[in-house]
Amino acid sequence: MFLLRTVLFLLLTAGLAAPVSANTLVLEEFFKGRTVGKGVFESKIAGVNRPFTVYLNGHWNPKTFTLRLREDFVYDDGERDTKTWFFQKVGEGRYIGQRSDVIAPANVRTTSDGAIRFSYIAQLETENGPLLLRFDDTLEQVNRRTVRNTARVMKAGFTIGTVELTFTK
């Protein structure tokens, strides 16, 4: 019982200490409704440069404190893909993120500079079978209509690629 109360206390007080600044990104505010992103996945190791556009539709449920974020990807080479994130707010500036191809829930947190950071392992299907990759994402609000997303993509601890993406309302 003591351990449970301690964990609950830490969760609650961590949320109270979340930073607030003019450029603090709040997922459920920025990504509610329609958003468009333009970006590129690049891997110098594999010689890959894949530009894409992603169309997002976000729905905030205040009863469950959950942002449902559907992402429809259209790559310049014609490939299409859809991913859906569920971000449950568990404290001020703190979320748990889940997606069907993500191995374990991602701890999502707002940092002292107002950015959002999270790391997760996704299972990607390839012609040679499933591939596990780690993504380290940082989302930074540039202005009220723009968020910049950068991500390192890693395999076995080595960076194999990057994602640069700009979302606009």
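Bear in mind that the values here come from a model prediction, so they are computed numbers and not experimental data. (Residues numbered from 1 in each chain as written. Predicted model: local features only at pLDDT ≥ 70, side-chain atom pairs only at ≥ 80, totals over all residues. Heavy atoms only, no water.)

Let us now look at the nonpolar core. Core analysis: the largest hydrophobic core is formed by 32 residues, its most contacted members being Phe31, Phe87, Phe118 and Phe167. Each residue touching Phe167, except ones within four places of it in the same chain, is listed here: Phe30, Phe31, Thr35, Val36, Gly37, Val54, Leu56, Leu139, Arg145, Thr146, Val147 and Asn149. (Core = buried A, V, L, I, M, F, W, Y, C linked by side-chain atoms within 4.5 Å. Buried < 20%, exposed > 50% of the residue type's maximum accessible area, 1.4 Å probe, protein only. Contact = heavy atoms within 4.5 Å.)

Here the focus is the pairing of strand β4 (residues 80-91). Across a regular strand the side chains alternate sides, sitting on one face of the sheet and then on the other. Here nine bridges tie strand β3 (residues 66-75) to β4, and the two strands are oriented antiparallel to one another. The residue of β4 that forms the bridge with Val74 is Arg80. The loop that links β3 with its antiparallel partner β4 comprises four residues; one of these, Gly78, has a positive phi angle of about 100°. Pairing of β4 with strand β5 (residues 94-98) involves five bridges; the strand directions are antiparallel. In the strand pairing of β5, Phe86 is matched with Gln98. Hairpin connection, β4 to β5: the antiparallel pair is bridged by two residues, and Gly93 has positive phi, about 75°. (Pairing = 2+ DSSP bridges. Helix = DSSP H or I, 4+ residues; strand = E, 2+ residues; numbered from the N terminus.)

What follows covers the packing of aromatic side chains. Scanning the model with the defined rule gives eleven aromatic pairs in all. Between Phe73 and Tyr75, the ring centres sit 6.2 Å apart and the planes meet at 15°, which makes this aromatic pair stacked. Consider the rings of Trp85 and Phe87, whose centres lie 5.1 Å apart with planes at 20°: the pair is stacked. Taken as a pair, Trp85 and Phe87 share a single burial class, namely buried. Connected via pairs of aromatic rings, a cluster forms that spans Trp85, Phe87, Phe118, Tyr120 and Phe135. Directly above the aromatic system of Tyr75 lies the positively charged group of Arg50, at a separation of 4.0 Å from the ring centroid. In this structure, Lys169 packs its charged tip against the face of Phe30, placed 5.7 Å from the ring centre. (Phe/Tyr/Trp six-rings, centres within 6.5 Å; stacked < 30°, edge-to-face > 60°. Lys NZ or Arg CZ within 6 Å of the ring centre and 35° of its normal.)

Nothing here speaks to function; it is all geometry.
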